[in-house]
Amino acid sequence: MPVNQDVIITCALTGAGDTVGRSPHVPVTPEQIAASAVEAAGAGAAVVHIHVREPETGAPSRDPRLYREVVERIRETGTDVVINLTAGMGGDLVIDPEAPLRQLPGTDLVSGLDRLPHVEELLPDICTLDCGSLNFGDGSNLYVSTPDMLRTGAKRIQELGVRPELEIFDTGQLWFAKQLLAEGLLDDPTVFQLCMGIPWGAPADPGVLQSMVNMLPRKAQWASFALGRMQMPWVAQSILLGGHVRVGLEDNLYLGKGVKATNGQLVERAVRITESLGSRVATPDEAREKLGLRPRT
């Protein structure tokens, strides 16, 4: 597969992980998240991937009011960037291993449709669709996204005219995403994010990534990322296999050993890697065209 010559850089700004206390640069409030989005766009990101957090605690949130404030703040600046809102929140199940029907604190499990109110209200360019269930890390944490939930969610996202970014954590999830396409619940071009190195999904192994790329539908646009110190090597790995890239504080907090990063600095590093491979960084308008999005209004 040829090297990708026109690379879309996505910046995942804050995520939902327990990272707020580990770096002062992780944005928490809507104002901070929006400012970080503007910073990332100025550094070269064509797309910003947005979670929100409770402003007082930094805990992950599904509150549509927080999403609305972030999106409005970004748009008020006039910044040209593609908005990608997570719709993956609401799939967390923590069970008692001794009494598996009992849910433990940390559980936030709702239906497929109940993960979409902010998408229905704000109609972003892109929202995510996490394409399967997963043992999410050690312990008794599960991410739950059943075939029925996915069919319901995909249909509603399609009705809204929003482009789903298909979050793929393992090969079976990619298999099922292709089934959604075959059933007419996804439209071309499909947009895939291949998520590597999340325990216990697909490992950050170049051979595994190549296998997943080989499974993609013919018209798919795709990116991949890996966690922690593998984030920047994965920028090069993705480009060399023909894909786009994702960086950001959701997945990695460091520029180097002991050096805490900002989102803008991570994007700048990704731009340098992209250009050093002889590729160019796509603009937001070019990203919209490649991903089949509505033109900017």
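These remarks concern the structure in this document. Just so it is clear, the model here is predicted, and its values are computed rather than measured.

Scoring rules and cut-offs
- Residues numbered from 1 in each chain as written.
- Predicted model: local features only at pLDDT ≥ 70, side-chain atom pairs only at ≥ 80, totals over all residues.
- Heavy atoms only, no water.
- Helix = DSSP H or I, 4+ residues; strand = E, 2+ residues; numbered from the N terminus.
- Contact = heavy atoms within 4.5 Å.
- Pairing = 2+ DSSP bridges.
- Axes fitted to C-alpha atoms, helices over the stretch in contact; angles between N-to-C directions.
- Core = buried A, V, L, I, M, F, W, Y, C linked by side-chain atoms within 4.5 Å.
- Buried < 20%, exposed > 50% of the residue type's maximum accessible area, 1.4 Å probe, protein only.

## Overview of the side chain of Thr 190
And then number 1: Residue position: Thr 190 is located in the loop between α5 (171-182) and β14 (191-196).
And then number 2: Setting aside anything within four residues of it in sequence, one finds Thr 190 in contact with Leu 166, Leu 181, Pro 217, Lys 219, Ala 220 and Gln 221.

## Brief notes about the sheet that holds strand β13 (residues 163-168)
And then number 1: Taken together, the 8 strands give a closed barrel; going around it, the order is β2-β3-β6-β10-β13-β14-β15-β16, and neighbouring strands pair in parallel fashion. Here the average twist between neighbouring strands, direction ignored, is 25°.
And then number 2: Here strand β2 (residues 9-12) runs beside strand β16 (residues 244-247); their pairing, made up of 3 bridges, is parallel. By the bridge assignment for β16, Ile 9 is matched with Val 245.
And then number 3: On top of the sheet, helix α4 (residues 147-160) reaches β10 (126-130) and β13; it is set at about 170° to β10, its chief contact.
And then number 4: On the sheet, helix α8 (residues 263-276) packs against β2 and β16 and is oriented at approximately 155° with respect to β2.

## Digging into the nonpolar core
It is characteristic of soluble globular proteins that their nonpolar side chains tend to be buried jointly.
And then number 1: Membership of the largest hydrophobic core comes to 40 residues, with the highest contact counts inside it found for Ile 9, Ile 50 and Val 267.
And then number 2: Of all elements in the fold, only β2, α1 (30-43), β3 (47-50), α2 (64-76), β6 (82-85), α7 (231-240), β16 and α8 reach the threshold of two or more residues within this core.
And then number 3: With 6 residues, the top contributor of residues to this core is α1.
And then number 4: Judged by nonpolar contacts, the second largest core, of 32 residues, contains Cys 131, Leu 174, Leu 209 and Leu 241.

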